[in-house]
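# Coordinate inspection notes
Residue strings, one per chain:
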Amino acid sequence: MTAKEKLIEKIIDQEWWFFSQVEGIDGRAVCQDRPKTFRRMRRAQHAIFSEATLNLLLNDYLDYQDLGRNPIAEKYAWMMRQTDPTYFAQQLAPQLVMPSPVKVAAIQELADFFALAQQEFSQDQLARQVQGRVEQSGYGEVSSLDYLTGELETWSLGTLYSALQDMQKMSASGRNPVLEIVRNTVKDFKGARSDG
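Okay, so let's go over this structure. (Residues numbered from 1 in each chain as written. Predicted model: local features only at pLDDT ≥ 70, side-chain atom pairs only at ≥ 80, totals over all residues. Heavy atoms only, no water.)

### A look at the overall build of the protein
- On a plain count of helices and strands, the protein comes out with nine helices and zero strands.
- The burial tally for the protein puts 41% of its 196 residues in the buried class.
- In the protein, once contacts between residues fewer than 6 apart in sequence are set aside, the share between residues at least 24 apart is 76%.
- In the form shown here, the protein has an accessible surface area of approximately 11,400 Å², with 51% of it arising from carbon and sulfur atoms. (Helix = DSSP H or I, 4+ residues; strand = E, 2+ residues; numbered from the N terminus. Buried < 20%, exposed > 50% of the residue type's maximum accessible area, 1.4 Å probe, protein only. Contact = heavy atoms within 4.5 Å. Areas by Shrake-Rupley, 256 points an atom, 1.4 Å probe, with all protein chains shown as cover.)

### A closer look at helix α3 (residues 51–67)
- Taking 1.5 Å of rise per residue, 17 residues should cover 24 Å, and α3 covers 24 Å from first to last C-alpha, within 8% of that figure.
- Of all the residues in α3, the buried ones are Thr-53, Leu-54, Leu-57, Leu-58, Asp-60, Tyr-61 and Tyr-64. Down the axis of α3, the sector holding all buried residues measures 150 degrees, keeping them to one side. Away from its buried face, by an angle of more than 90 degrees, α3 presents the exposed residues Asp-66 and Leu-67.
- Elements in contact with the buried residues of α3: α1 (3–21), α2 (35–46), α4 (71–83), α7 (144–152) and α8 (157–172).
- Looking one or two residues past α3, Gly-68 carries a phi angle of roughly 70 degrees, positive in sign. (Expected span 1.5 Å × (residues − 1). Arc of directions from axis to C-beta.)

### Notes on the layout of surface pockets
- Approximately 320 Å³ is the volume found for the second largest pocket.
- Together, 13 residues line the second largest pocket, and Glu-5, Arg-43, Ala-47, Asn-184 and Asp-188 are the ones closest to its centre.
- Looking at the lining of the second largest pocket, the elements that each hand over two or more residues are α1, α2 and α9 (177–194).
- Counting residues per element, the lining of the second largest pocket draws most heavily on α1, which supplies four residues. (1 Å grid on protein atoms, 1.4 Å probe; cavity = no way out; pocket = protein on both sides within 12 Å on 5 of 7 lines; lining within 4 Å. Points joined across faces, edges and corners; volume = space filled by probe spheres on them.)

### Structural notes on the pattern of salt bridges
- Across all of its chains, the model carries nine salt bridges by this definition.
- Between Arg-42 and Glu-15 there is a salt bridge; the shortest N-O distance is 2.7 Å. Separated by 27 residues along the polypeptide, Arg-42 in helix α2 and Glu-15 in helix α1 bring together distant segments of the chain.
- For Arg-42, a relative accessible area of 5% translates into the label buried.
- Arg-81 is paired through a salt bridge with Glu-153; the nearest N and O atoms lie 2.8 Å apart. Highlighted residues: Arg-81 in helix α4 and Glu-153 in the loop between α7 and α8, separated in sequence by 72 residues.
- Take Arg-81: its relative accessible area is 28%, and that puts it in the partly exposed class.
- On the basis of relative accessibility, which here comes to 8%, the residue Glu-153 falls in the buried class. (Salt bridge = Lys/Arg side-chain N within 4 Å of Asp/Glu carboxyl O.)

As structure tokens, this is what we get:
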């Protein structure tokens, strides 16, 4: 296992702990009892980022833990801004730390990168073979872009800027982050089947 792979596993360990503590409106979710699937999905996403970004993300999680906050619960809260705006405004927003205009701009820039990548990926042959999230969020359903944006709301400004640098480098070299995440996911699931 490489240093980056070890770092990713540390991050996922922390994420799984946070995830297992989340209590949804309707109680515990089925996916909270599927740690292997959770790890594969998270591994696929984290692999596209540099070690510098991943180290910053791990530090963000440790800061959340020190503060007694749960970034995974907060991510889902931010997603409800799109799926249930009334509940978000009345019940969740007062409990969240509102981002600064600078952070909002960084999140939007990253979201724009991923939106363009998603659009390009939709033309790829692999896109027709995988089932993803809905294209637009609605009550009870969240799009991949709104899911990502909810997560980015929980990242520190330093982590966001580092991730932006990663995306700029990927774009300059003609790489598509969405395609790479999907390929990583497919590869991990195929490897699991071949391992028995």
